[in-house]
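# Residue-level structural notes
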Amino acid sequence: PGLLALGAHTLPPRPERQAEFELAEELARTCFEMYRRSATGLAPEAVVFDKKEGSDFEADRPNNMWYLLRPEAVESFFILHELTGDGKYRDWGHHIFEAIER
């Protein structure tokens, strides 16, 4: 999401620009929700969307979950915070930091 937002922000103005930036923000929200909704506060490596009733996503293999310290989500939150000034992105990154520290 971060690079999509950065592209929407830095490329020359065009009709799709706002929609692309909003998509980046929505994708970032989805990334954060994967962290927030897990018992450990860390997102699984892979998820499947709309797999069963009452859940919009679940771990791809619930008995085989792991976290590889991938920086992409937190990096995206940093980029979005820098572009928007919205403190929620900083808070999301801090939430993940605290989960790693546990």
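My aim in this report is to walk through the structure given alongside it, one point at a time. (Residues numbered from 1 in each chain as written. Predicted model: local features only at pLDDT ≥ 70, side-chain atom pairs only at ≥ 80, totals over all residues. Heavy atoms only, no water.)

## Quick notes on the overall build of the protein chain
Here is the rule: Runs of E in the DSSP output that reach at least two residues are strands. Runs of H or I that reach at least four are helices, and both are numbered from the N terminus. Burial classes: relative accessible area under 20% of the type maximum marks a residue as buried, over 50% as exposed, and values in between as partly exposed (1.4 Å probe, protein chains only). Contacts are residue-level and defined by heavy atoms, with any inter-residue pair within 4.5 Å sufficient.
Counting secondary structure elements, the protein chain contains 4 helices and 2 strands. Taken from N to C terminus, the helices and strands of the protein chain fall in the order α-α-β-β-α-α. For the protein chain, with 102 residues in total, the buried portion stands at 29%. Taking the contacts inside the protein chain whose residues are at least 6 apart along the sequence as the reference set, 43% of them involve residues at least 24 apart.

## Observations regarding helix H1 (residues 2-10)
Buried residues of H1: Gly2, Ala5, Gly7 and Ala8, and no others. In this structure, the buried side of H1 is in contact with helix H2 (17-36) and helix H3 (72-84).

## Notes on the pattern of salt bridges
Under the convention used in this document: Any Lys or Arg side-chain nitrogen found within 4 Å of a carboxyl oxygen on Asp or Glu counts as a salt bridge.
By the definition in use, this model includes 5 salt bridges. The closest approach of N and O atoms between Glu20 and Arg14, which form a salt bridge, is 2.3 Å. On the basis of relative accessibility, which here comes to 23%, the residue Glu20 falls in the partly exposed class. The shortest N-O distance in the salt bridge between Arg37 and Glu33 comes to 3.1 Å. Residues joined in a network through salt bridges with shared partners are Arg29, Glu33, Arg36 and Arg37.

## What about the packing of aromatic side chains?
Selection criterion: Only centres within 6.5 Å qualify two rings of Phe, Tyr or Trp (six-membered ring in Trp) as a pair; their planes then separate them into stacked at under 30 degrees, edge-to-face at over 60, and tilted for everything else.
Inspection of every chain in the model, using the stated rule, returns 4 aromatic pairs. Between the aromatic rings of Phe32 and Trp92, the centroid separation amounts to 4.7 Å while the plane-to-plane angle is 5°, which identifies the pairing as stacked. With a gap of 60 residues between them, Phe32 in helix H2 and Trp92 in helix H4 (residues 87-101) connect regions that are remote in the sequence. Using a relative accessible area of 6% as the deciding quantity, one classes Phe32 as buried. Consider the rings of Phe77 and Trp92, whose centres lie 5.4 Å apart with planes at 75°: the pair is edge-to-face. Taken as a pair, Phe77 in helix H3 and Trp92 in helix H4 lie far apart in primary sequence, 15 residues in all. A single burial state applies to Phe77 and to Trp92, both of which are buried. Aromatic rings pair up to connect Phe32, Phe77, Tyr89 and Trp92 into one cluster.

## Some words on the packing of H1 against H3
Where we set the bar: Here an angle of 0 to 180 degrees is reported between the N-to-C directions of two axes, which are lines fitted to C-alpha atoms, with helices fitted over the stretch in contact. Orientation categories follow fixed angle ranges, with anything under 35 degrees roughly parallel, anything over 145 roughly antiparallel, 65 to 115 roughly perpendicular, and all other angles oblique. Basically, the charged four are Asp, Glu, Lys and Arg, the nonpolar ten are Ala, Val, Leu, Ile, Met, Phe, Trp, Tyr, Cys and Pro, and anything else, Gly included, counts as polar.
Put simply, H1 and H3 touch, their axes get as near as 8 Å, and they point 30° apart. When the axes of H1 and H3 are compared, the pair comes out roughly parallel. Across the interface between the two elements, Gly2, Ala5, Leu6 and His9 from H1 touch Ser76, Ile79, Leu80 and Leu83 from H3. Its residues assigned to classes, the contact of H1 with H3 comprises 5 nonpolar, 3 polar and no charged.

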